Amino acid sequence: MNIFQPGDGMELPLGNKSGLPNSVLIAEDDPIFRRILESWLQKWNFQVTAVENGLDAWKALQQENAPRLAILDWMMPGLDGIELCRKIRNQAQGAYKYLLLLTARGSKEDVVAGLEAGADDYLTKPFDANELRARVRAGKRILELQGELVKAHNELQFEAAHDHLTGLWNRGAIMDLLHRENQRSARIGEPLGVIMADLDHFKQINDSYGHQTGDAVLREVAQRLLESVRNYDYVGRYGGEEFLTVLTACTASNLAITAERMRVYVSEKPVETGTGPIPVTISIGLAAQHAVGPDLAREEELVRSADTALYAAKASGGNRVEHSPENLSTDPVHSAALR
Amino acid sequence: MNPMVFGGVQCSRSTSSDLQPASCANSSGQAIWEKAEALKRLGGDEDLLRELCQIFLEESPKHLQKLREAIADADAQATMRAAHNLKGELGYLGAAGATQAAQELEDMGHQQTLSRAAEVFTFLERELASLHIALRNSDGASL
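A quick note: this is a predicted structure, and the numbers were derived from the prediction, not measured.

Undergrad: Go over the confidence of the model for chain B with me, naming the residues and quoting the values.
TA: Residues and elements named next belong to chain B. Summing up the model confidence of chain B, the mean pLDDT is 79 and the portion of residues at 70 or higher is 76%. This model gives residues 1-24 a pLDDT under 50, and the stretch forms 46 contacts once residues within four places in sequence are excluded. Note on the complex model: pTM 0.64, ipTM 0.74.

In structure tokens form, the structure reads like this:
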């Protein structure tokens, strides 16, 4: 990480931590200052993009993988540093940009105006290498902290929405997704369906082989469920051994076909565990949204219907697919034909 | 010779006979440019300094021309900008007398009082001429 070379006081250990590209944008109309900045920053192992005016700086910052550290001259033709700061800050999306404003004026009002326009820091000309290095280093530190924060936030967001054991959506998340997709499908007039699947005789597996084996079975079944649906369907762990799948743009008959495919795929071969192969089957209840407008079934009703059908499947001995009663009245595919 | 005072820096009108070789003083005893100071600011990077001097030799006549036009047009805003740009570069090279004059012109532009601008400009022009000679002489030899 340390690229310090003895005998050269200009070197700076600015490593490429946390995946941040080591790049910097310089916007400076004066060729002397542009060259000085470019020369020093390159010496410190930065990838430098140098432009001569504010408009070119704006364009460079809009590109994909644009530098996140920008050194902007206050006085530039066209778009000056202050206007550029404001324009960048008014842009809501995108990664945070650290803006270092260069000024030949040192008055307090100017500094305040610059910071209020959105600059993170400022540097007064003529600056020396040590000062620039210290300011750039501070900027990198902020960007690195921000990167870590975003990463932690994303990880937390994933954890908050996913089931730890299986990696599927957790109950809260799958219900949120169902709510959202139910509304969206109704709005664009597409059919939506839900599939509730439950592992048959899971308690016996736990009792006979222990909870660790039980967990391994759950993980494998979750995987098989995921593999038997389209990659844009949502599979969640609804409860202990109960899985809820939300399928968008899926007609009632396709819903039945998918459910049957899930049932067959899960039971086709036994699950390999540390305690040997264990044959598993699932029971499935499904419900299709068959109304629009004011009659739109709420997501709780859909889940309740699928649950009722699931109980019917269990009552008939398990390892089978059942429709909710509402589906039977509107769907030409018969539940008896699904077995 | 009547000394003229520009913002506290005392200098005398330079004539062509005042132009002296590299890193010598102007007639007021002030160095045309502080090479050591400039080099120090650049962290001792002589290659970079040579390159910057080259850029300055090419660029400063353009700035000076802009400044001349701005003053002739009595355009305070343009005077301020052109003087500002020159000041930055001159300051970097440690050309104290010229920097001071550019600073005065910038201030005049800022305050929109250009009555003495032509006078200061003449001084700046001469300082720059000396600086050009000093930089050229310095280039390659001692650098």
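Undergrad: Could you give an account of the sheet that holds strand 11 (residues 282-289) of chain A, with specific residues and numbers?
TA: Residues and elements named next belong to chain A. Reading across from one edge, 7-8-6-11-12 is the order of the five strands in this open sheet, with mixed pairing throughout. Sheet topology places strand 7 (234-237) and strand 12 (321-323) at the edges, where each strand pairs with a single neighbour. Pairwise comparison of adjacent strand axes, ignoring direction, gives a mean angle of 20° for this sheet. Contacts from helix 10 (residues 299-315) reach strand 6 (192-199), strand 8 (242-248), strand 11 and strand 12 within the one sheet, and its direction differs from that of strand 11 by about 145°.

Undergrad: With reference to specific residues and values, describe the packing of helix 1 (residues 31-43) of chain A against helix 3 (residues 76-93) of chain B.
TA: One way to put it is that helix 1 of chain A packs onto helix 3 of chain B with a least axis distance of 9 Å and a crossing angle of 50°. As summarised for this structure, helix 1 of chain A and helix 3 of chain B are arranged oblique, according to the angle between their axes. Residues P31, I32, F33, I36 and W40 of chain A of helix 1 of chain A form the contact with helix 3 of chain B, whose own contacting residues are G88, E89 and Y92 of chain B. Split by residue class, the contact of helix 1 of chain A with helix 3 of chain B holds six nonpolar, one polar and one charged.

Undergrad: Describe the interface of chain B and chain A, naming the residues involved and giving the relevant values.
TA: Taken together, the 19 residues of chain B in the interface contact 18 residues of chain A. Across the interface of chain B and chain A, roughly 1700 Å² is buried in total on both sides, 65% from carbon and sulfur atoms. For the interface between chain B and chain A, the tally reads two salt bridges. Of the charged contacts, one joins R35 of chain A and E51 of chain B as a salt bridge, the two residues approaching to 2.3 Å between their closest N and O atoms. In this assembly, chain B and chain A are joined by three residue pairs in polar contact (both at pLDDT 80 or more). Mapped by element, the contributors of at least two residues to the side of chain B that touches chain A are helix 2 (46-72) and helix 3 of chain B. With eight residues, the top contributor of residues to the side of chain B that touches chain A is helix 3 of chain B.

Quick notes on the rules
- Residues numbered from 1 in each chain as written.
- Chains lettered and ligands numbered in written order.
- Predicted model: local features only at pLDDT ≥ 70, side-chain atom pairs only at ≥ 80, totals over all residues.
- Heavy atoms only, no water.
- pLDDT = per-residue confidence, 0-100.
- Contact = heavy atoms within 4.5 Å.
- Pairing = 2+ DSSP bridges.
- Helix = DSSP H or I, 4+ residues; strand = E, 2+ residues; numbered from the N terminus.
- Axes fitted to C-alpha atoms, helices over the stretch in contact; angles between N-to-C directions.
- Parallel < 35°, antiparallel > 145°, perpendicular 65-115°, else oblique.
- Nonpolar A, V, L, I, M, F, W, Y, C, P; charged D, E, K, R; others polar.
- Buried area = accessible area lost by both parts, 1.4 Å probe.
- Salt bridge = Lys/Arg side-chain N within 4 Å of Asp/Glu carboxyl O.
- Polar contact = N/O pair within 3.5 Å; in protein donor to acceptor, adjacent residues only side chain to side chain.

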